[in-house]
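# Observations on the three-dimensional arrangement
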Amino acid sequence: MTTRGATRVGVREVAARAGVSSQTVSRVLNDHPHIRDETRGRVLEAMAALGYRVNNAARSLGTATTRTLGVIASDATLYGPAVGIAALEAAARTAGRWIATAYADAADAASVTAAAEHLLAQGVDGIVVVAPHARTLDALATVGLPVAELHGGPGAARQCEGAAAAVRHLVDLGHTRIAHLAGPADWREAAARGEGVERALAEAGLTPGPRWEGDWSAADGARRAAEVVAAAQAPAGPTAVVVANDQMALGLMAALADLGVDVPGDVSVTGFDDNPDAAFYRPALTTVRLDIVGEARRCIGEVLGVEAPDLPAPPTLVARASTAPPRP
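Heads up: these notes are all about the structure in this document. (Residues numbered from 1 in each chain as written. Predicted model: local features only at pLDDT ≥ 70, side-chain atom pairs only at ≥ 80, totals over all residues. Heavy atoms only, no water.)

### Observations regarding the overall build of the protein
What the protein contains, in helices and strands, is 13 helices and 10 strands. Counting over 328 residues, the protein shows a buried share of 49%. Taking the contacts inside the protein whose residues are at least 6 apart along the sequence as the reference set, 72% of them involve residues at least 24 apart. Within the structure as shown, the protein displays about 15600 Å² of accessible surface, and the carbon and sulfur contribution to it stands at 53%. Treating the 29 positive side-chain charges of the protein as one cloud and the 36 negative ones as another, the clouds have centres 10 Å apart. (Helix = DSSP H or I, 4+ residues; strand = E, 2+ residues; numbered from the N terminus. Buried < 20%, exposed > 50% of the residue type's maximum accessible area, 1.4 Å probe, protein only. Contact = heavy atoms within 4.5 Å. Areas by Shrake-Rupley, 256 points an atom, 1.4 Å probe, with all protein chains shown as cover. Lys, Arg positive; Asp, Glu negative; His and termini not counted. Charge placed at Lys NZ, Arg CZ, Asp CG, Glu CD.)

### Topic: the nonpolar core
With 33 residues, the main nonpolar core has Val71, Leu88, Val130, Val167, Ile178 and Val242 as its most contacted residues. Within the residue set of this core, elements represented by two or more residues are β1 (68–73), α5 (79–94), α8 (154–173), α9 (188–203), β7 (240–243) and α13 (292–304). Excluding its chain neighbours within four sequence positions, the residues that come into contact with isoleucine 178 are Val167, Leu170, Val171, Leu201, Leu206, Pro208, Gly209, Pro238, Ala240 and Val242. In this structure, Leu78, Trp212, Leu252 and Val263 belong to the second largest nonpolar core, which totals 27 residues. (Core = buried A, V, L, I, M, F, W, Y, C linked by side-chain atoms within 4.5 Å.)

### So, the packing of α8 against α13
Following both chains from N to C, one finds α8 and α13 inclined at 160 degrees, their axes separated by 10 Å at the closest point. Of the possible angle classes, the one that applies to α8 and α13 is roughly antiparallel. Relative to α13, α8 is oriented so that their crossing is left-handed. Of α13, the residues touching α8 (which contributes Pro154, Gly155 and Arg158) are Glu295, Arg298 and Glu302. Its residues assigned to classes, the contact of α8 with α13 shows 1 nonpolar, 1 polar and 4 charged. (Axes fitted to C-alpha atoms, helices over the stretch in contact; angles between N-to-C directions. Parallel < 35°, antiparallel > 145°, perpendicular 65-115°, else oblique. Left-handed = near helix turned anticlockwise from the far one by under 90°. Nonpolar A, V, L, I, M, F, W, Y, C, P; charged D, E, K, R; others polar.)

### Some details on the environment of threonine 136
Its location among the elements puts threonine 136 in helix α7 (residues 136–139). Judged by its relative accessible area of 1%, threonine 136 is buried. Between the alpha carbons of threonine 136 and alanine 179 there is a distance of 29 Å; along the sequence they are 43 residues apart.

### Topic: helix α6 (residues 109–121)
For α6, which comprises 13 residues, the first-to-last C-alpha distance of 18 Å matches the rise-based estimate of 18 Å (1.5 Å per residue) to within 8%. Turning to α6, its buried residues are Ser111, Val112, Ala115, Ala116 and Leu119. When α6 is viewed along its axis, its buried side chains cluster within an angular range of 135 degrees and face the same direction. Residues of α6 that are exposed and point more than 90 degrees away from the buried face comprise Ala110, Glu117 and Ala121. Where α6 is buried, its residues contact β1, β2 (98–103), β3 (127–129) and α7. Looking one or two residues beyond α6, the residue adopting positive phi is glycine 123, at roughly 75 degrees. (Expected span 1.5 Å × (residues − 1). Arc of directions from axis to C-beta.)

### Some remarks on the sheet that holds β2
Strand order in the open sheet formed by 4 strands is β2-β1-β3-β4, and the pairing between neighbours is parallel. Whereas interior strands pair on both sides, the edge strands pair on one side only; in this sheet they are β2 and β4 (147–149). Taken over all neighbouring pairs, the strand axes of this sheet differ in orientation by 25 degrees on average, direction set aside. Sheet topology places β1 next to β3; 3 bridges connect them, and they run parallel. Its bridge partner lying in β3, isoleucine 72 is registered against valine 129. (Pairing = 2+ DSSP bridges.)

### Details of helix α3 (residues 37–50)
Taking 1.5 Å per residue, 14 residues should reach 20 Å; α3 reaches 20 Å between its end C-alpha atoms and fits that length. Listed in full, the buried residues belonging to α3 are Thr39, Val43, Ala46 and Met47. Each buried residue of α3 lies within a common arc of 100 degrees when the element is viewed along its axis, so the set occupies one face. Facing away from the buried side of α3 by over 90 degrees, the exposed positions are Asp37, Glu45 and Ala48. In this structure, the buried side of α3 is in contact with α1 (11–18) and α2 (22–29). Downstream of α3 by one or two residues, glycine 51 has phi in the positive range, about 70 degrees.

Structure below.
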C-alpha cells in the first residue's frame, strides 16, 4: 500500500492564516528590518501552527543566500577532523546556518575541485576546509566564495604554539635530547606543529633530535617504535619524543611497552589533541589541548564576514604520566 505524505505548507498558506501578504511572509523569513513586531509575531505563530518549513533553495532565489555553509573534509575517521566537523556544525547552527559536508582526498586537487563544485551546486554561501593539505587551497582559489581554514591562518599559529608548549614542558623537566614523530609532510596542520617543535628547540638552544614522519595513525606510531628504541640507545640518544597527535603516541607507547621500554622511565612521550581517551592510555598521555570549538566559531565568522563572539583560547599543555624528568 502506498502512503501519501501531508501536503507541503507554503508561503501562501502562512500568509492566509496570518492575514498578511505573501510578500510580508517573505520579508519575515529574510529578517527584513522594516516589519512591525506585531506582524512578525503573527507570521511566526502561523508558521508554527501550520508546521511550515523553510525552503532554503527557494528562499535563495530572492536573497542570494541559502543560509548553508560548505565544509570540505578529508580523513574524517581521524579524531581531529571528526571533532572539527562537529564543532563547525554547532557553530554554524548558533549563527543560524546549516552545513553541507563534502569529503575529498585533499592530496588530489581534482578531488578537492569536485567537492567544491558539489557544494557550489547546492548554493553554499562560503566554504570551510578541515585539515587541508598544502595543495587544497590552491584548488579552491577560484571558487568565488569566502574560504576559511579550521587549522590555517590564526589557527595555524595556535597549532604552532601548542607544539612549542609540549617541547617547553619537556625542557622544563630537564630533557635536552628531544626527538619528533611528525605528521605527514603535506598536511598544513603537521607543518604548523613541526614549526612549533623546531622553534621551541631553537629557543632553548637545543639541537633537534631524530625526526620521523608518520601518517597520524596508531599503527604507524607502533611501526616507529623500533626506530625510536634504536635512536634512544645510541650515544647521546633522545630521552623524549614529541608526537604530532595522540593516536600515533598511543601506538608508539604500546609498541615501546612490548619492546620492554618504560614510558616515561626510559623515554618520555607527548601527544597532541587531547582526545577523550588520552587520560586512559597507559601511561596517561601528556598532550596538548586546542580550543576546537573556538576555532570553529572563528571560521564561521570569517566566511560570514562577521567577528566571532570571542577569540579561541590559547592551547593548553595537559601534563599526565607519560612524561617525567630523564634518568640521571
